[in-house]
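Working through the structure, step by step
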Amino acid sequence: GGIITQTPKFLIGQEGQKLTLKCQQNFNHDTMYWYRQDSGKGLRLIYYSITENDLQKGDLSEGYDASREKKSSFSLTVTSAQKNEMAVFLCASSPRGVEVFFGKGTRLTVV
Amino acid sequence: AQSVTQPDARVTVSEGASLQLRCKYSYSGTPYLFWYVQYPRQGLQLLLKYYSGDPVVQGVNGFEAEFIKSNSSFHLRKASVHWSDSAVYFCAVSANYGNEKITFGAGTKLTIKP
């Protein structure tokens, strides 16, 4: 078995601030994902990466950057936090696009 | 482009009754299909998956789903629900040739009445 660790668990930011979320997996999976979960809107794909140093835009990449410098880690940056924004960011990994394994999430609040 | 539609945002069912949660997908080829469940204050867990073969797939806790290609559907079913089945259920689709983009639906919140 393996685990996906997301840090921090809770993140409070200020409007306009650049915020970075981190994710580590020890499954040795090739593919990693960042999803945003909003109430009533399900999971929307922000970025994914099929291997080290690869980045693919998802449906919601505007306002975000991502980085995959190692196979085991995938970070997401909110480039400019929006006031009153609240969402849960979920990191996931998968062995080549089949069954996705999720982390427990980072809950973002922007004040 | 691939997409998933879960037309029912909320479903309420009495304990012991049967259940169907609907999922329709859009994808030009033959997809991989998944159902995930998110219990309160927990992460998402895989319930079942379809890759190929028998269109009826069995999952954990008595859940099953049927892939109907002609209808682009992958509805989730359970013969008799339990109060512990209360959760949010997500349907997901990915391409079967490994482009590795996995798209989720908006989810269906299931509430079980005693």
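Everything discussed here concerns the structure shown above.
Residues numbered from 1 in each chain as written. Chains lettered and ligands numbered in written order. Predicted model: local features only at pLDDT ≥ 70, side-chain atom pairs only at ≥ 80, totals over all residues. Heavy atoms only, no water.

1. What about the overall build of chain A?
- When its secondary structure is counted, chain A shows zero helices and 11 strands.
- Taken from N to C terminus, the helices and strands of chain A fall in the order β-β-β-β-β-β-β-β-β-β-β.
- In terms of overall size, chain A behaves like a compact globule, its C-alpha atoms giving a radius of gyration of 13 Å where 111 residues would be expected to give roughly 13 Å.
- Counting only C-alpha atoms and orienting by the principal axes, one finds that chain A spans roughly 35 × 25 × 25 Å.
- Taking all 111 residues of chain A together, 50% fall into the buried category.
- Across chain A, every contact between residues at least 6 apart in sequence was considered, and the portion connecting residues at least 24 apart equals 54%. (Helix = DSSP H or I, 4+ residues; strand = E, 2+ residues; numbered from the N terminus. Rg over C-alpha atoms; globule rule 2.2 N^0.38 Å. Buried < 20%, exposed > 50% of the residue type's maximum accessible area, 1.4 Å probe, protein only. Contact = heavy atoms within 4.5 Å.)

2. Considerations on the state of the cysteines
- All told, the structure shown has two disulfides over all chains when counted by the stated rule.
- Between the sulfur of Cys23 of chain A and that of Cys91 of chain A lies a disulfide, 1.9 Å long from S to S. In this structure the cystine formed by Cys23 of chain A and Cys91 of chain A twists about its S-S bond by roughly -80°; its chirality is therefore left-handed. Taken together, the positions of Cys23 of chain A in strand 3 (residues 19-25) and Cys91 of chain A in strand 9 (residues 86-94) put the pair 68 residues apart, joining distant regions of the chain.
- We classify Cys23 of chain A as buried; its relative accessible area is 1%.
- The exposure class of Cys91 of chain A is buried, given its relative accessible area of 0%.
- Disulfide pairing places Cys23 of chain B opposite Cys91 of chain B at an S-S distance of 1.9 Å. On the S-S bond that ties Cys23 of chain B to Cys91 of chain B, the torsion sits near -65°, and the link is left-handed. Placement of the pair is Cys23 of chain B in the loop between strand 3 (19-21) and strand 4 (24-26) and Cys91 of chain B in strand 10 (residues 87-95), with a sequence separation of 68 residues. (Disulfide = S-S within 2.5 Å.)

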